[in-house]
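Coordinate inspection notes
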Amino acid sequence: MTKVLIATEKPFAPVAVEGIKKEVDAAGFELAILEKYTEKQQLLDAVADADAIIIRSDKIDAEVLDAAKQLKIVVRAGAGYDNVDLDAATAHNVVVMNTPGQNANAVAELVFGLLVFAVRNFFNGKAGTELLGKKLGILAFGNVGRNVARIAKGFGMEVYAYDAYCPAEVIEAAGVHAAKNQDELFETCDVVSLHIPATAETKQSINKALVSKMKKGGIVVNTARKEVINEPELIELLAERTDLKYITDIKPDADAEFAQFEGRYFSTPKKMGAQTAEANINAGIAAAKQIVGFIKDGITKFQVNK
Ligand code: 3PG
């Protein structure tokens, strides 16, 4: 019997697991669940007889693929697949997919949760500022960036975006000002929200030279990936520019050093942008359906290691 494994160090909401189980049962497949694992060995053991795996930010590397002798497909229930070694998967003849857009609203809503928290001085009771009329810069206009733009308009913000892979006309057609480049976005906006994936091109790209272009009181919100930040340079800049704030739901490697910027730095204890029941249901069930579609009918839409 085809075995589908949910391997999530950070579990889905139980209602999402129920939804996944329904899809898997209806296909006549078997479901196994490994949640909250703490050792890689637990993952290596669990994948041994899996034909398909549903993951979140769980790392799938060559060692895991070696251990998964029957594996045909891995679906990352979410957007970013930088946690999967695509070359190793291809070499093992394993299809990798993501579920683009399924958790985008959840991440976008968290951006504003973090942002209101930041402009109200982390709720310390002192007079803060408002978002109305402020300029918001969205770096990368994908599914999350577009949801951020939609919500920002409700706050009455002036919205700008830059995306190296999305033409200015598409951005303008969404009622958003298209910045010419990253530099212009940081120069123009009071707040910049990051929505770039972690790639060879973007890693460490949010550096001192770029962020220092921000106006007085600038805020950088990072719900994307910690790898896109040049942490030593951002720490250096926050020390020099006591007006800037950095808020994120992804704990930096240098969290202890960032902690010195009390009142200007905040990180949630665990990555939580996509951690809602709705996002878990959307992404989890999409992942299960994609697995069934691939195994039964060979459908490879959303494959990312082509
Ligand atoms: C994504 O890439 O989809 C988000 O970063 C969510 O990641 P998570 O599933 O680990 O919460």
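By convention here, each chain's residues receive numbers from 1 onward along its written sequence. It should be noted that, the model being predicted, local features are given only for residues of pLDDT at least 70 and side-chain atom pairs only at 80 or more, the latter also being counted only at that level, while totals for whole chains, interfaces and linings use all residues. Side-chain numbers come from the whole structure's heavy atoms, not from hydrogens or water.

Note on pairing: DSSP must find at least two bridges between two strands before they are called paired. Under the scheme used here, helices are H or I runs from DSSP no shorter than 4 residues and strands are E runs no shorter than 2 residues, and both carry numbers assigned from the N terminus. Taken in spatial order, the 5 strands make up an open sheet running S2-S1-S3-S4-S5, and their pairing is parallel. Looking at the sheet topology across the chains shown, the edges are occupied by strand S2 (30–35) and strand S5 (95–98). For this sheet, the mean angle separating the axes of adjacent strands, direction not counted, is 20°. In this sheet, S2 lies alongside strand S1 (residues 3–8) in parallel orientation, the contact comprising 6 bridges. Directly across from Thr 8, in S2, lies its bridge partner Glu 35. Throughout, a residue-residue contact means that at least one pair of heavy atoms, one from each residue, lies within 4.5 Å. Angles shown run from 0 to 180 degrees and are taken between the N-to-C directions of axes, each axis being a line fitted to C-alpha atoms and, for helices, limited to the stretch in contact. Contacts from helix H1 (residues 14–26) reach S1, S2 and strand S3 (52–55), with the element oriented near 155° to S2.

This part takes up the nonpolar core. By size, the foremost hydrophobic cluster in this structure holds 33 residues, and its most contacted members are Phe 112, Leu 115, Leu 136, Val 148, Ile 219, Val 221 and Ile 247. Residue assignment for this core shows that the elements contributing at least two residues are helix H5 (104–119), strand S6 (135–139), helix H6 (143–154), strand S7 (158–162) and strand S10 (219–222). With 11 residues, the top contributor of residues to this core is H5. Every residue in contact with Val 148, bar those within four places of it in the chain, is listed here: Ala 108, Val 111, Phe 112, Leu 136, Ile 138 and His 195. To qualify as a nonpolar core, a set must consist of buried Ala, Val, Leu, Ile, Met, Phe, Trp, Tyr and Cys residues joined through side-chain atoms within 4.5 Å. Buried, partly exposed and exposed residues are distinguished by accessible area as a fraction of the type maximum, computed with a 1.4 Å probe on protein chains only: under 20%, between the cut-offs, and over 50%, respectively. In terms of nonpolar packing, the next biggest core, distinct from the first, is built from 30 residues, Tyr 162, Ala 179, Val 211 and Val 228 among them.

One open sheet holds the 7 strands; their spatial order is S8-S7-S6-S9-S10-S11-S12, and the pairing between them is parallel. A strand with exactly one partner marks an edge of an open sheet, and here the two such strands are strand S8 (177–178) and strand S12 (265–267). Bridge count between S7 and S8: 2 bridges; the pairing is parallel. Among the inter-strand pairings, Ala 161 is bridged to a residue of S8, identified as Ala 178. The sheet strands contacting H6 are S6 and S7, and the helix crosses S6 at an angle near 170°.

Burial in helix H10 (residues 231–240) covers these residues: Glu 231, Leu 234, Ile 235, Leu 237 and Leu 238. In a view along the axis of H10, the buried residues occupy a sector of 165°, so they form one face of it. In H10, the exposed positions that point more than 90 degrees away from the buried face belong to Pro 232 and Glu 240. Buried residues belonging to H10 abut helix H9 (208–211), strand S11 (245–248) and helix H11 (255–258). Polar contacts, as counted here, are pairs of nitrogen or oxygen atoms within 3.5 Å of one another; within protein the pair requires one atom able to donate a hydrogen and one able to accept it, and residues that are adjacent in sequence qualify only if both atoms are side-chain atoms. For H10, the N-terminal cap is Asn 230; the gap from its side-chain oxygen to the backbone nitrogen of Glu 233 is 3.2 Å. Arc definition: it is the arc formed by the directions from the helix axis to the C-beta atoms.

We now examine the pattern of salt bridges. Definition used for salt bridges: Asp or Glu carboxyl oxygen within 4 Å of a side-chain nitrogen of Lys or Arg. Overall, the coordinates contain 15 salt bridges when judged by the stated rule. For Arg 225, the salt bridge is made with Asp 82, and the minimal N-O distance between the two is 3.1 Å. With Arg 225 in the loop between S10 and H10 and Asp 82 in the loop between strand S4 (73–76) and helix H4 (86–91), this pair connects stretches of sequence that are 143 residues apart. Residue Arg 225 is classed as buried on the basis of its relative accessible area, which comes to 14%. The exposure class of Asp 82 is partly exposed, given its relative accessible area of 35%. Between Glu 236 and Lys 208 there is a salt bridge, with its nearest N and O atoms 2.9 Å apart. You can see Glu 236 sitting in helix H10 and its partner Lys 208 sitting in helix H9, a full 28 residues away along the chain. A residue is classified by how much of its surface remains accessible, and Glu 236, at 42% relative accessible area, is partly exposed.

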